[in-house]
Amino acid sequence: MRSRLHPCKLLRPVAYAALSGVGLLALISIGIMIASRVNGHVLGKGGTDTQWLWFGAEPRGLVRLREEARMESDDTLQEPEPNLRGRGL
């Protein structure tokens, strides 16, 4: 028994489906790349990882690490006292 559909009539919907799949895959890939760059930027600027937003508090030890980092940055911002020894002053 012969099919009533011509092979060219089947080719168009299959091509549209394939192109739609490729386009959807491209959009998902671009979205993942943008999201990872944004998360990396936020983490680089001292933000909390977005996975921790599900919990009610900061991760263990993060408050202590931030306090230590702030203390170190405060130490580096202060100007050192001039060394007056050995200059005859």
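Below is a summary of the structure that appears in this document. (Residues numbered from 1 in each chain as written. Predicted model: local features only at pLDDT ≥ 70, side-chain atom pairs only at ≥ 80, totals over all residues. Heavy atoms only, no water.)

## Comments concerning the overall build of the chain
- Along the chain, the regular secondary structure elements total 2 helices and 0 strands.
- Within the chain, buried positions represent 2% of all 89 residues. (Helix = DSSP H or I, 4+ residues; strand = E, 2+ residues; numbered from the N terminus. Buried < 20%, exposed > 50% of the residue type's maximum accessible area, 1.4 Å probe, protein only.)

## A closer look at the pattern of salt bridges
- Taken as a whole and judged by the stated rule, the model has 2 salt bridges.
- The salt bridge partner of Glu 68 is Arg 64, with a shortest N-O separation of 3.4 Å. Pair noted here: Glu 68 and Arg 64 are both in helix α2 (residues 62-77), with a separation of 4 residues, about one helical turn.
- Using a relative accessible area of 38% as the deciding quantity, one classes Glu 68 as partly exposed. (Salt bridge = Lys/Arg side-chain N within 4 Å of Asp/Glu carboxyl O.)

## Details of a nonpolar patch on the surface
- On the surface, Ile 30, Met 33, Ile 34, Val 38 and Val 42 cluster together into a nonpolar patch covering about 440 Å² of accessible area.
- Along the chain, the position of Val 42 falls in helix α1 (residues 7-44). (Patch = residues over 30% accessible without salt bridge, like charges linked within 9 Å, V, L, I, M, F, W, Y side chains within 5 Å. Areas by Shrake-Rupley, 256 points an atom, 1.4 Å probe, with all protein chains shown as cover.)

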